[in-house]
Structure formats: structure tokens, C-alpha cells
Amino acid sequence: MLTAVATAAGDVPALLELAKEAGSTWPQPGGGSTQVLWELLASVSAIDVAAGRIFEPHLDALAILAQAGHDPALAEGAWGVYAAEGPGLRLEASGGTSGAVLSGSKPWCSLAPVLDHAVITAHTDGGRRAFAVDLHHAGVTFGEPPWVARGLREIPSGTVHFDDVPAEPLAGVDWYFSRPGFAWGGIGVAACWLGGAIGVGRDYRNSLQEGAASGREPDQVALAALGEIDRTLSAGLQYLARTAEAIDAGRTAAGERGPGWSDALRVRGTVAAAVERVLHLVGSNRGPAPLAFDETYAKRMADLALYVRQHHAMRDDAQLGRLTLDGGSAW
């Protein structure tokens, strides 16, 4: 699979096919092999950050369907997960428990025009609720996103418009955010971030090895950076592994958005900080030349810098601080 990912890098249809293949064989979070799942997501992202960005939401959607009591084996096609909100945009759901109709607009719908289905959140009279929707329905239209980003260029995120589109409700109101899987999915994204940072770290290590082979031994500054990268990535990997073990053993704390949310905030914040540090260390030590002339390296740096911006930084720390103040901490 990893060899196929490397071959397909940059080819969205091919990567979607690989993601669908992974969805039928890879484990789901909370089922006893969470560490394996996160290691696979990190491994894909270490090869190509954009590939991880394609794999993760498809696998997350299948996990959400399973958590809602659906058989993910019956979920055909490629899936996305769309839960973001945006100013001036609102997606409304109306209808009864046996079905619903969606009307309105949803922002930040990555790759929606080339996907088949999505798990999507919409507003109801009682609160937000998750739905499964067919993106091929005639009432679904896709806005052309003004995607100017240099990172994740093959994965534009635009607005999708819904005009009386039938959708299947998944569990109850606010279930999407309160279920344990919401935290697990958030950590799965962090595994992709960390995998991308591992790819950047490997680029740096390889550059030092190539330099040494040509007679340019690394100096103390270069070696110090590599040592810091090693301990930063190792700490992140160990934290992910420990968290996966705790999830599978049922040892997760309660949080604002459901069991494990405090843990998710800690892991995501720790991994995001590690990613930012690795990007800084490698970028400052390698200088401008590879950013200008090495396509793979330049793409990885740009993709990862954009992807990790999904972390909410100090706002997530503020949530964690509130939970810690209310006693949600082991220390």
C-alpha cells in the first residue's frame, strides 16, 4: 500500500481508490488496533501529506457510520466528512426521523466534486445533527473555490450548496460531537500531521547523509537540529501510541465534547507544536535552495504548513485550560 501511495502521489483519483481499499481492510479507532490505524495514517502522510489528507476523512467517515450503527462495508464509493461552519453560511435540515432534507450551504468541503458521499452536519430545531448524503444528487452544486494556497493544491476546499437534498440522519441531535469517536477522529488527524513531520525530518536526515557522502560533514549546529528533531518526533510517536493503548483499554477521561476530549486536545496540541518545531528546524537549517529546486521537499513543507493550521492553537489550549481548571487532569 505504501509503495502504491508513493507512486500515486499527486493523482487524486488514484489516491481515492487506495483510500477505498484501505477502508475495507484497515482497523477502526477504538476497536483494539487504534495504534495500527494511526501508524498507517502517519506512514501514508510521511510519504505524501496530501495523500494522508485524502485517506483520513474517508476512513473517518466509515468509522462514524459504524459508530452510528451502520455497516461500513455497505458504504460504497469515496466519502468525506464536513462539519465546519462559516460566516454567512448555514446548512439546515428538515424532516422526520426516517429521513431529512438538506437546504443551504456548507463551507470547507474538501474534494467534494470528486467524492460520492459525505457525512455532514446540519442545523435542526434541536441542535446540530449528522447526516449521510449522496453528493451526486441533482440538488447538490459545487462552488468554484478561489484556492490560492501553495500547499495541498490538489485538495481544494470549497462551498457546497444543497437544494432539498434527501439525507439519512445518523443517531441523534448533538451525537456527532458528543460521541467518543469525535475525539478519536481528531487524534487521527494529528497522526497525519506527525507523519508529515516525519517526512520532513527524513528529508533533513537524508540531506545530511548525502552531504557527508560527498565530503561535507555536518557541523554541530546541523547535528543539534537533527538531535532535537529525533527527540521531538520520538516523543510525539510515543504519546500517540500511549493514547491509542488507553483508548482501546477504555481508559479515557470525560471532556466537554465527550469521552476523551481532554486527551484529544492534549495530543493535538502537543503534535501541532512538534510539527511547527520540525518545520522551523528543517527550514532554517536547509535554507532556500531545496524550497526553490526540490519539488518533493517544497511540496511537503507547503502541504504540512497548511494542514497543521487545522489546529486551533490557543483556542484549543483555552478549552483544555477550562477542563483542567474543572479537574479534568491527571496531575
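See the structure printed just above.
None of the values given here were measured: they were computed from a predicted structure.

Approximately 1200 Å³ is the volume found for the largest pocket. Surrounding the largest pocket, 39 residues form its lining, Val-81, Ala-83, Ala-84, Gln-310 and His-312 being those nearest its centre. The set of elements that each furnish at least two residues to the lining of the largest pocket consists of α4 (49-67), β1 (79-82), β3 (100-110), α5 (175-178), α6 (180-213), α8 (261-286), α10 (295-307) and α11 (314-325). Taken as a whole, the second largest pocket holds about 290 Å³ of empty space.

On to α4, then. Its 19 residues place the ends of α4 27 Å apart at the C-alpha level, agreeing with the 27 Å of an ideal helix rising 1.5 Å per residue. With 17 of 19 residues buried, α4 is to be regarded as a mostly interior element. Gly-69, located one to two residues past α4, shows a positive phi value of around 95°.

Note on placement: Val-189 falls in helix α6. The spatial distance from the C-alpha of Val-189 to the C-alpha of Tyr-307 is 9.3 Å, given a sequence separation of 118 residues. With residues up to four places along the chain from it excluded, the contact list for Val-189 reads Glu-56, Arg-268, Tyr-307 and Gln-310.

A word on α8. The first and last C-alpha atoms of α8 sit 37 Å apart over 26 residues, in line with the 38 Å expected at 1.5 Å per residue. Gly-287 sits one or two residues past α8 and shows a positive phi near 80°.

In this section: the nonpolar core. Ranked by internal contacts, the top residues of the largest apolar core, which has 98 residues, are Leu-102, Val-119 and Phe-162. With 15 residues, α6 is the largest single contributor of residues to this core. Not counting residues within four places of it along the chain, the set of residues in contact with Leu-102 comprises Leu-91, Glu-92, Ala-93, Ile-120, Ala-122, Phe-131, Val-133, Phe-162, Asp-163, Asp-164, Val-165 and Ala-167.

This next bit is on the packing of helix α3 (residues 34-47) against α6. Put simply, α3 and α6 touch, their axes get as near as 7 Å, and they point 40° apart. Considered as vectors, α3 and α6 are oriented oblique to each other. The interaxial crossing formed by α3 with α6 has right-handed handedness. Together, Trp-38, Leu-41, Ala-42, Ser-45 and Ala-46 of α3 and Trp-184, Ile-187, Gly-188, Ala-191, Cys-192, Gly-195, Gly-196, Ile-198, Gly-199 and Arg-202 of α6 make up the contact between the two elements.

Taken as a whole and judged by the stated rule, the model has 0 disulfides. With no disulfide of its own, Cys-192 lies closest to Cys-109 among cysteine sulfurs, the gap being 19 Å. The class of Cys-192 is buried, set by a relative accessible area of 0%.

Okay, the packing of aromatic side chains next. Within the structure shown, the criterion is met by 6 aromatic pairs. Centroid distance Phe-182 to Trp-261: 5.1 Å. Interplanar angle 35°. Geometry classified as tilted. Of this pair, Phe-182 sits in helix α6 while Trp-261 sits in helix α8; the two residues are 79 residues apart in sequence, bridging distant segments of the chain. Classification of Phe-182 as buried rests on a relative accessible area of 15%. A connected cluster of aromatic rings, assembled from ring pairs, spans Tyr-176, Phe-177, Phe-182 and Trp-261. Geometry around Trp-175 places Arg-179 over its ring, the cationic atom sitting 5.4 Å from the centre. For the cation-ring pair, Arg-286 lies above Tyr-297, with the distance from its terminal atom to the ring centre recorded as 4.4 Å.

Calculation rules
Residues numbered from 1 in each chain as written. Predicted model: local features only at pLDDT ≥ 70, side-chain atom pairs only at ≥ 80, totals over all residues. Heavy atoms only, no water. 1 Å grid on protein atoms, 1.4 Å probe; cavity = no way out; pocket = protein on both sides within 12 Å on 5 of 7 lines; lining within 4 Å. Points joined across faces, edges and corners; volume = space filled by probe spheres on them. Helix = DSSP H or I, 4+ residues; strand = E, 2+ residues; numbered from the N terminus. Expected span 1.5 Å × (residues − 1). Buried < 20%, exposed > 50% of the residue type's maximum accessible area, 1.4 Å probe, protein only. Contact = heavy atoms within 4.5 Å. Core = buried A, V, L, I, M, F, W, Y, C linked by side-chain atoms within 4.5 Å. Axes fitted to C-alpha atoms, helices over the stretch in contact; angles between N-to-C directions. Parallel < 35°, antiparallel > 145°, perpendicular 65-115°, else oblique. Left-handed = near helix turned anticlockwise from the far one by under 90°. Disulfide = S-S within 2.5 Å. Phe/Tyr/Trp six-rings, centres within 6.5 Å; stacked < 30°, edge-to-face > 60°. Lys NZ or Arg CZ within 6 Å of the ring centre and 35° of its normal.

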